[in-house]
Amino acid sequence: MPAGDPRRPQWTPYAAVQNLDKAAERVRELGGKILRERTEVAGGTLVVVEDPTGASLVLWEAA
């Protein structure tokens, strides 16, 4: 896990989105939270989110 990430190592699914900012805002509207803010990586941008039950997911927008 990246430094500062409190989660235990795990398999984390990715979901491709058309607009990362809108998708992350929708997560917040539905009671989820952002675990890792918008991060630029090779090939695109990601945000790690958590739903209200504690399940995490990576939202991915390709470059």
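Coordinates for the structure precede this section.
Residues numbered from 1 in each chain as written. Predicted model: local features only at pLDDT ≥ 70, side-chain atom pairs only at ≥ 80, totals over all residues. Heavy atoms only, no water.

Would you mind going over the pairing of strand β2 (residues 33-41) with me for this structure?
Side chains on a regular strand alternate between the two faces of the sheet. Strand direction decides the pairing type here: β2 and strand β3 (residues 44-50), joined by six bridges, are antiparallel. Counted as the bridge partner of V41 is G44 from β3. Taken together, β2 and the strand that follows it, β3, pair antiparallel across an intervening segment of two residues, in which G43 is found at a positive phi of about 90°. (Pairing = 2+ DSSP bridges. Helix = DSSP H or I, 4+ residues; strand = E, 2+ residues; numbered from the N terminus.)

Got a minute to help me understand the sheet that holds β3 in this structure?
Sheet strands pair via backbone hydrogen bonds, and the direction of the pair is either parallel or antiparallel. If you walk across this open sheet you meet the four strands as β1-β4-β3-β2, and the pairing is mixed. The sheet terminates laterally at β1 (14-16) and β2, the two strands that pair on one side only. For this sheet the average axis-to-axis angle between neighbouring strands, irrespective of direction, equals 25°. Across seven bridges, the pairing between β3 and strand β4 (residues 56-62) is antiparallel. Among the inter-strand pairings, V47 is bridged to a residue of β4, identified as L59. (Axes fitted to C-alpha atoms, helices over the stretch in contact; angles between N-to-C directions.)

Any chance you could explain the environment of A24 here in plain terms?
Note that A24 resides in helix α1 (residues 20-29). In this structure, the C-alpha to C-alpha distance between A24 and A63, residues 39 residues apart in sequence, is 17 Å. The residues contacting A24, other than those within four sequence positions of it, are I34, V47 and L59. (Contact = heavy atoms within 4.5 Å.)

Before we go on, may I ask you to explain the pattern of salt bridges in this structure?
In a structure, side chains of opposite charge can pair up when their charged atoms sit close to one another. Scanning all chains against the criterion turns up six salt bridges. Across the pair R38 and D21 runs a salt bridge, and its minimum N-O distance is 2.9 Å. Of this pair, R38 sits in strand β2 while D21 sits in helix α1, placing them 17 residues apart in sequence. For R38, a relative accessible area of 39% puts it in the partly exposed group. For the salt bridge of K33 with E50, the shortest nitrogen-to-oxygen distance reads 3.4 Å. Pair noted here: K33 is in strand β2 and E50 is in strand β3, with a separation of 17 residues, a long-range link. (Salt bridge = Lys/Arg side-chain N within 4 Å of Asp/Glu carboxyl O. Buried < 20%, exposed > 50% of the residue type's maximum accessible area, 1.4 Å probe, protein only.)

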